[in-house]
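Fold and contact review
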Amino acid sequence: QVQLVESGGGLVQAGGSLRLSCAASGRTFSDYGMGWFRQAPGKEQKFVAAINWSGSNTYYTDSVKGRFTISRDNAKSTVYLQMNRLKPEATAVYYCAAHYSFGDPGTEPGDYNYWGQGTQVTVSS
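Let me begin by describing the structure that accompanies this report.

To continue, consider the side chain of His 99. Residue position: His 99 is located in strand β9 (residues 92-100). Within the local environment of His 99, its side chain forms a polar contact with the backbone oxygen of Pro 105, the two atoms lying 3.5 Å apart. Only 2.3 Å separates the side chain of His 99 from the backbone oxygen of Asp 111, close enough to count as a polar contact. In contact with His 99, not counting residues within four places along its chain, are Asp 31, Tyr 32, Gly 33, Asp 104, Pro 105, Asp 111, Tyr 112 and Asn 113.

Structural data, given as structure tokens:
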């Protein structure tokens, strides 16, 4: 089992920044690719970003490229999502997820084995 706990969400004005963190425990963190997903009210969960086990490869949905950065610190068992130039449409609950693989962590929720409880991000216009 892997336990994931997100933090760092909050209320920010459009154009501002937030950094989300996801702390993992329970298994060897570096065995897992990690991803961030978000779910806006009344909408389906969508892929935001992912990073492979070593941090050497990252993946982003087109709408956040150039503004969001995913990173990880395996020594701290933590994955981060730095979000810059936030837009109101980024308002959602953000979830981190773990994918047990040394390959591509995937962009679909079904690719992931474990999930955090989510953290709310609200971007005001």
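A separate point is the nonpolar core. One broad rule of soluble globular proteins: the nonpolar side chains tend to lie buried together. If you look at the biggest cluster of nonpolar residues, it comprises 30 residues, and the most contacted ones within it are Leu 4, Met 34, Trp 36, Leu 81, Met 83 and Tyr 94. Those elements that provide at least two residues to this core are β3 (18-25), β4 (32-39), β5 (46-51), β7 (68-73), β8 (78-83), β9 and β11 (119-124). With five residues, the next largest nonpolar core counts Phe 37, Phe 47, Ala 50 and Ala 97 among its residues.

Another aspect to go through is the sheet that holds β3. Paired through their backbone hydrogen bonds, the strands of a sheet run either parallel or antiparallel. Read across the sheet, four strands follow the order β1-β3-β8-β7 without closing on themselves; strand pairing throughout is antiparallel. The open sheet has two edge strands with one neighbour each: β1 (3-7) and β7. Sheet twist, expressed as the mean angle between neighbouring strand axes with direction ignored, is 15°. As judged from the six bridges shared by β7 and β8, these two strands associate in the antiparallel manner. Among the inter-strand pairings, Arg 72 is bridged to a residue of β8, identified as Val 79.

Our next topic: the state of the cysteines. Counting across every chain of the model gives one disulfide. The side chain of Cys 22 participates in a disulfide bridge whose partner is Cys 96; the two sulfur atoms lie 1.9 Å from each other. In this pair, Cys 22 is assigned in strand β3 and Cys 96 in strand β9, connecting sequence segments 74 residues apart.

This brings us to the pattern of salt bridges. By the definition in use, this model includes one salt bridge. For Lys 65, the salt bridge identified is with Asp 62, shortest N-O distance 3.0 Å. On the accessibility criterion, Asp 62 (63% relative accessible area) is exposed.

This brings us to the pairing of β5. For β5, the tally of buried residues reaches five of six residues, placing the bulk of the element in the interior. Pairing of β4 with β5 involves five bridges; the strand directions are antiparallel. Within β5, the residue paired with Phe 37 across the bridge is Phe 47. Following β4, the chain reverses through six residues before pairing antiparallel with β5; Gly 42 in that reversal takes a positive phi of roughly 75°. Pairing of β5 with strand β6 (residues 58-60), which is carried by three bridges, proceeds in the antiparallel orientation. Following the sheet pairing, Ala 50 is matched in β6 by Tyr 59. In this antiparallel pair of consecutive strands, β5 and β6, the connection spans six residues, and Gly 55 shows a positive phi of 90°.

Rules of the game
Residues numbered from 1 in each chain as written. Predicted model: local features only at pLDDT ≥ 70, side-chain atom pairs only at ≥ 80, totals over all residues. Heavy atoms only, no water. Helix = DSSP H or I, 4+ residues; strand = E, 2+ residues; numbered from the N terminus. Polar contact = N/O pair within 3.5 Å; in protein donor to acceptor, adjacent residues only side chain to side chain. Contact = heavy atoms within 4.5 Å. Core = buried A, V, L, I, M, F, W, Y, C linked by side-chain atoms within 4.5 Å. Buried < 20%, exposed > 50% of the residue type's maximum accessible area, 1.4 Å probe, protein only. Pairing = 2+ DSSP bridges. Axes fitted to C-alpha atoms, helices over the stretch in contact; angles between N-to-C directions. Disulfide = S-S within 2.5 Å. Salt bridge = Lys/Arg side-chain N within 4 Å of Asp/Glu carboxyl O.

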